[in-house]
Amino acid sequence: MGTSYRSPEGNGIDPVVSGPGRSSSLYNRRRLLQMGGAGAAALFLAACGSKSVSGTGGGSSGSSDSILWATNEAYARPPMINPFTDETGIKVQLELFSDVTAIASKLKTGGTGITGFVDGSYHAVDSYNAGVLQQIDLANVPNYEKNVLPTFQDAKAHQFDGKVYGIPMDWGTDSIAYNGDKISGKIDDLSALWDPQFEGQIAMPAGLMEMVIVGGIYAGVPDPFDMTDDELAQVRDLLIKQKPLVRTYWKEIGELTNLFASGEVTIAWAWAPVLDLREKADMDMVWVVPKQGQLGWYDAAFITSEAKPDEKKAFESFANYLVGDTYGVKLADEVAYRTTSKAAIENISPAKRKELDLNDPEQFLDNVNYWIAPKRPKAYEAVQTDVLNA
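A.B. asks: For this particular structure, what's the right way to read the overall build of the protein chain?
C.D. replies: Helices and strands together make up the secondary structure of the protein chain, namely 16 helices and 16 strands. Across the 390 residues that make up the protein chain, the buried fraction comes to 59%. Roughly 14,800 Å² of accessible area belongs to the protein chain as shown, and the carbon and sulfur atoms make up 46% of that amount.

Have a look at this one:
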């Protein structure tokens, strides 16, 4: 989801070889909690820090001195990962991917060497059903009960049969973003993505069935994740009608960021990392809260069925770090994603907390519509394919 991300430099992280974040699913927060169920296409190695076991983040380190974490680039920049290795001596190898379904498929085949991976509230149930997950021992992840926001401890997309299989690490929203240096006036409606005045300046997502979901929300269907054939036909027509206005359908968030930076795109359905351009390129990037609502999601760290006992314990130590008091601060500063950790939120600067609506996260979560897995993914994929091929 081209290698258009910035390549990490220094700090012991070196690019090694090409390889394959997010998959799909609006519902309100309560429905998500009831139901349960995201990059540079490259493989990186992280090797840094001296051996030590101490501090508030790492928990029990186990005997393995390295883990292989499949994730996306936005979660694995050196400033985010290095403190864990410095504290525990455990090296974090990274397999960066753009589509979690590809990782899940590899895990089902076996022999990947992956210890743990990031999966989302919109897809994790599929990974569980595929038999590629191991239950987490919460005794090795004390920060789960200590720090994770109650909303996410109660959420069901990382819990199956009453057992915890994932550690919710971050959450966020997808919505309209636009370049305020090029577009004047306030935008607060999805209709902006169908506005002829922005012809040739609009970008829409090419994957994850997200365009279909957005189309369903815009069409006002009762349930964008369980659309009837007639509703899907209506959405297909809306998206095909929109297509002459669309400059491109983006596959990678880094690709979209570059399109904004070059001026080729001024408005898009986007992910939060495009807001990096506020500081990196001094651009007035505006994030919209449309009347129809944003799409919300949360990602969690899961342990694979391949992980051996010592690797599993080492990854549980890493998962504990992810919801400690450090990682979430760096996540906010680097990519403007919201941590699930109360301890990290307390350490985020007041200005950044305000920017990310983290002063009262539980209240903010009440007003977010969350992705869940579409009931008929093949029908949604067919609509997406029809639009891209039209």
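Picking up where we left off.
A.B. asks: I would appreciate a short explanation of the side chain of Arg 353 in the present structure.
C.D. replies: By the secondary structure assignment, Arg 353 is in helix 14 (residues 350-355). Buried and without a salt bridge, Arg 353 has Glu 346 as its closest oppositely charged side chain, separated by 8.3 Å. A polar side-chain atom of Arg 353 sits 3.4 Å from a polar atom in the side chain of Asn 359. Every residue in contact with Arg 353, bar those within four places of it in the chain, is listed here: Ile 345, Glu 346, Ile 348, Leu 358 and Asn 359.

A.B. asks: Explanation requested: the environment of Lys 91 in the structure shown.
C.D. replies: With respect to the helices, strands and loops of the structure, Lys 91 is situated in strand 4 (residues 91-96). Placed 27 residues apart in sequence, Lys 91 and Ser 64 show a C-alpha to C-alpha distance of 9.2 Å.

A.B. asks: What is the right way to read the packing of helix 8 (residues 229-242) against helix 16 (residues 377-389) from this model?
C.D. replies: Two numbers describe a pair of packed helices, the interaxial angle and the distance between the axes. Where helix 8 contacts helix 16, the axes come no closer than 9 Å and their chain directions differ by 25°. Relative to helix 16, the element helix 8 is oriented roughly parallel. Of the two elements, helix 8 crosses helix 16, and the hand of that crossing is right-handed. On helix 16, the residues touching Leu 232, Arg 236, Leu 239 and Ile 240 of helix 8 are Ala 379, Tyr 380, Val 383, Asp 386 and Val 387.

A.B. asks: Help me understand the pairing of strand 4 in this model?
C.D. replies: As paired elements, strand 3 (residues 66-71) and strand 4 share six bridges and run parallel to each other. Bridge assignment links Ile 67 to a residue of strand 4, and that residue is Val 92. You can see the chain leave strand 3, run along helix 2 (residues 78-88) and come back into strand 4, and the turn it takes is right-handed.

A.B. asks: Mind showing me how you'd approach unusual backbone geometry here?
C.D. replies: Trans is the prevailing form of peptide bonds, just as negative phi is the prevailing case for residues other than glycine. At Asp 161, a position not held by glycine, the phi torsion is positive, near 55°. Its place among the elements puts Asp 161 in the loop between strand 7 (159-160) and strand 8 (163-164). The phi dihedral of Leu 208 is positive, around 65°, even though this residue is not glycine. Relative to the elements of secondary structure, Leu 208 occurs in the loop between strand 10 (202-205) and helix 7 (210-219).

Cut-off values and rules
Residues numbered from 1 in each chain as written. Predicted model: local features only at pLDDT ≥ 70, side-chain atom pairs only at ≥ 80, totals over all residues. Heavy atoms only, no water. Helix = DSSP H or I, 4+ residues; strand = E, 2+ residues; numbered from the N terminus. Buried < 20%, exposed > 50% of the residue type's maximum accessible area, 1.4 Å probe, protein only. Areas by Shrake-Rupley, 256 points an atom, 1.4 Å probe, with all protein chains shown as cover. Lys, Arg positive; Asp, Glu negative; His and termini not counted. Salt bridge = Lys/Arg side-chain N within 4 Å of Asp/Glu carboxyl O. Polar contact = N/O pair within 3.5 Å; in protein donor to acceptor, adjacent residues only side chain to side chain. Contact = heavy atoms within 4.5 Å. Axes fitted to C-alpha atoms, helices over the stretch in contact; angles between N-to-C directions. Parallel < 35°, antiparallel > 145°, perpendicular 65-115°, else oblique. Left-handed = near helix turned anticlockwise from the far one by under 90°. Pairing = 2+ DSSP bridges. Right-handed = clockwise from strand over helix to strand, strands pointing away.

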